[in-house]
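Below, each chain spelled out in residue letters.
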Amino acid sequence: MTPAHRHHSQGMSLYDSGEYQKAIEEFSQTIELDPQYAEAYYIRGHSYANLGQYERAIEDYDKAIELDPQLDLAYNNRGSSYRILGQYERAIEDFDKAIELEPQYPWTYDSRGSSYRKLGQDERAIEDYDKAIELEPQYPWTYHSRGLSYANLGQYERAIEDFDKAIELDPQLDLAYANRGVSYDELGQYERAIEDYDKAIELEPQFAQAYASRASSYFLLKQDERAIEDYNQAIKIDPNDGYAYYWRGQAHSQLGNSAQSAKDLAKAEELGYEPD
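A short tour of the structure in this document, coming up. (Residues numbered from 1 in each chain as written. Predicted model: local features only at pLDDT ≥ 70, side-chain atom pairs only at ≥ 80, totals over all residues. Heavy atoms only, no water.)

**Quick notes on the overall build of the protein**
The secondary structure content of the protein amounts to 16 helices and zero strands. Its C-alpha atoms put the protein at 75 × 35 × 30 Å along the principal axes. Relative to its 276 residues, the protein shows a buried fraction of 47%. Once local pairs closer than 6 in sequence are excluded, the contacts in the protein between residues at least 24 apart make up 44%. Here the protein has roughly 13800 Å² of accessible surface; of this, 44% comes from carbon and sulfur atoms. Placing the 27 positive and 54 negative side-chain charges of the protein at their respective mean positions leaves the two points 2 Å apart. (Helix = DSSP H or I, 4+ residues; strand = E, 2+ residues; numbered from the N terminus. Buried < 20%, exposed > 50% of the residue type's maximum accessible area, 1.4 Å probe, protein only. Contact = heavy atoms within 4.5 Å. Areas by Shrake-Rupley, 256 points an atom, 1.4 Å probe, with all protein chains shown as cover. Lys, Arg positive; Asp, Glu negative; His and termini not counted. Charge placed at Lys NZ, Arg CZ, Asp CG, Glu CD.)

Written out as structure tokens, the structure is:
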């Protein structure tokens, strides 16, 4: 084993144990000894990405691709870094190339679908989620993501079917309960929505949006005191939630608490929240 390969092997062991910073040091040693070692750049980039250093990750993926233009996972992971940074068009370009090189990898379709969804192209997103599910039907997050796209298109019954499947595959998936609750709200089924928000909060007690959404269901059921309790909790968790301030103000207004209502509405405006 060459010294470069020895450092790479040590880096892989550290990477597999989640010691990403130490792994980066070993991969850097590998690259210093062998600057043409494409996989070392790739996996060092992945280590940076796992540490949230996406710009540095992209630099390493760039170099890995320069050295090995057939390295499909480098395109896939560079695309994922661009997606996390909100550069969805660039992400899609990379996912396109990754799929061209390896058309049977389900996670690339899932990631490209999520990029299309972020761009408001939900029909194209659903096509990619369909393909991802065809290749890997046991991954709950893809069903959840497809459910979000169906909900964006106003197809709430189909969204609920996907959230149901996501929950079947992972009963601990708090986001699936919360988003299924939103779909039930859109269908006017507020009690069922509240049941889902209850479960989401049980699974994640610091889930501010679940409290705010449950509060809105109570508000629509004209249970204003309970709505205010939940808006209070949402604001406690996230003091910058303009939505919660605005609708708490509306609930106070319905109860005749005009001073508190005005205070909350002013705070919502200060935070930049405007109702649809």
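**Section: the pattern of salt bridges**
In this structure the tally under the stated criterion is 19 salt bridges. In this structure, Lys-165 engages Glu-168 in a salt bridge whose closest nitrogen and oxygen atoms are separated by 3.2 Å. Placement of the pair is Lys-165 and Glu-168 together in helix α10 (residues 156-169), with a separation of three residues, close to one helical turn. Relative accessible area serves as the criterion here: at 55%, Glu-168 is assigned to the exposed category. Note that Lys-267 is salt-bridged to Glu-270, the shortest N-O span being 3.3 Å. A residue pair is termed a helical-turn pair when its members lie 3 or 4 positions apart in one helix, as Lys-267 and Glu-270 do in helix α16 (residues 258-270) at three residues. Within this structure, Asp-62, Arg-78 and Asp-94 form a network of salt bridges that share partners. (Salt bridge = Lys/Arg side-chain N within 4 Å of Asp/Glu carboxyl O.)

**Description of helix α1 (residues 3-16)**
Between its first and last C-alpha atoms α1 spans 20 Å; for 14 residues at 1.5 Å apiece the expected length is 20 Å, and the two agree. Of all the positions in α1, only Ala-4, His-7, His-8, Gly-11, Leu-14 and Tyr-15 are classed as buried. For α1, the angular spread of buried residues about the axis comes to 120°, placing them on one side. Close packing links the buried residues of α1 with α2 (20-33) and α3 (38-50). Positive backbone phi, at 85°, marks Gly-18, one or two positions downstream of α1. (Expected span 1.5 Å × (residues − 1). Arc of directions from axis to C-beta.)

**Here we look at the nonpolar core**
One finds Ala-200, Ala-227 and Tyr-231 to be the most contacted residues of the largest nonpolar core, which totals 28 residues. Among the elements of the structure, α10, α11 (174-186), α12 (190-203), α13 (208-220), α14 (224-237) and α15 (242-254) are those that each provide at least two residues to this core. Looking at this core element by element, the count peaks at six residues for α13. Here Ala-200 is in contact with Asp-174, Tyr-177, Ala-178, Phe-207 and Ala-210, once residues within four sequence places are set aside. Residues Tyr-37, Tyr-48, Ala-49 and Ala-98 belong to the second largest nonpolar core, which totals 22 residues. (Core = buried A, V, L, I, M, F, W, Y, C linked by side-chain atoms within 4.5 Å.)

**Topic: the environment of Ala-210**
With respect to the helices and strands, Ala-210 occurs in helix α13. Spatially, the C-alpha atoms of Ala-210 and Arg-158 are 21 Å apart, while their sequence positions differ by 52 residues. Among residues more than four places away in sequence, those in contact with Ala-210 are Tyr-197, Ala-200 and Ile-201.

**Some thoughts on the layout of surface pockets**
Counted as a void, the largest pocket has a volume near 730 Å³. Forming the walls of the largest pocket are 26 residues, and the residues nearest its centre are Val-182, Asp-185, Glu-186, Ser-213 and Tyr-243. If you list the elements that add at least two residues to the lining of the largest pocket, you get α9 (140-152), α10, α11, α13 and α15. Examining the composition of the lining of the largest pocket, we find that seven residues originate from one element, α11, more than from any other. Here the lining of the largest pocket is built from residues that sort into 17 nonpolar, six polar and three charged. (1 Å grid on protein atoms, 1.4 Å probe; cavity = no way out; pocket = protein on both sides within 12 Å on 5 of 7 lines; lining within 4 Å. Points joined across faces, edges and corners; volume = space filled by probe spheres on them. Nonpolar A, V, L, I, M, F, W, Y, C, P; charged D, E, K, R; others polar.)

**A few points about the side chain of Asp-185**
With respect to the helices and strands, the residue Asp-185 is situated in helix α11. For the buried Asp-185, no salt bridge is present, and the opposite-charge side chain at shortest range is Arg-214, 10 Å distant. Side-chain polar atoms of Asp-185 contact the side chain of Tyr-197, separated by 2.7 Å. Filtering out sequence-adjacent residues up to four positions away, Asp-185 remains in contact with Tyr-190, Ala-193, Tyr-197, Ser-213 and Ser-217. (Polar contact = N/O pair within 3.5 Å; in protein donor to acceptor, adjacent residues only side chain to side chain.)

**Focus: the packing of α1 against α2**
The N-to-C vectors of α1 and α2 enclose an angle of 165°; their axes lie 8 Å apart at closest approach. Overall, the two elements α1 and α2 adopt an arrangement that is roughly antiparallel. In terms of crossing hand, the pair formed by α1 and α2 is left-handed. Between α1 and α2, the contacting residues are Pro-3, Ala-4, His-7, His-8, Gln-10, Gly-11, Met-12, Leu-14 and Tyr-15 on the first element and Tyr-20, Lys-22, Ala-23, Glu-26, Phe-27, Gln-29, Thr-30 and Leu-33 on the second. Here the contact of α1 with α2 is composed, by residue class, of nine nonpolar, six polar and two charged. (Axes fitted to C-alpha atoms, helices over the stretch in contact; angles between N-to-C directions. Parallel < 35°, antiparallel > 145°, perpendicular 65-115°, else oblique. Left-handed = near helix turned anticlockwise from the far one by under 90°.)

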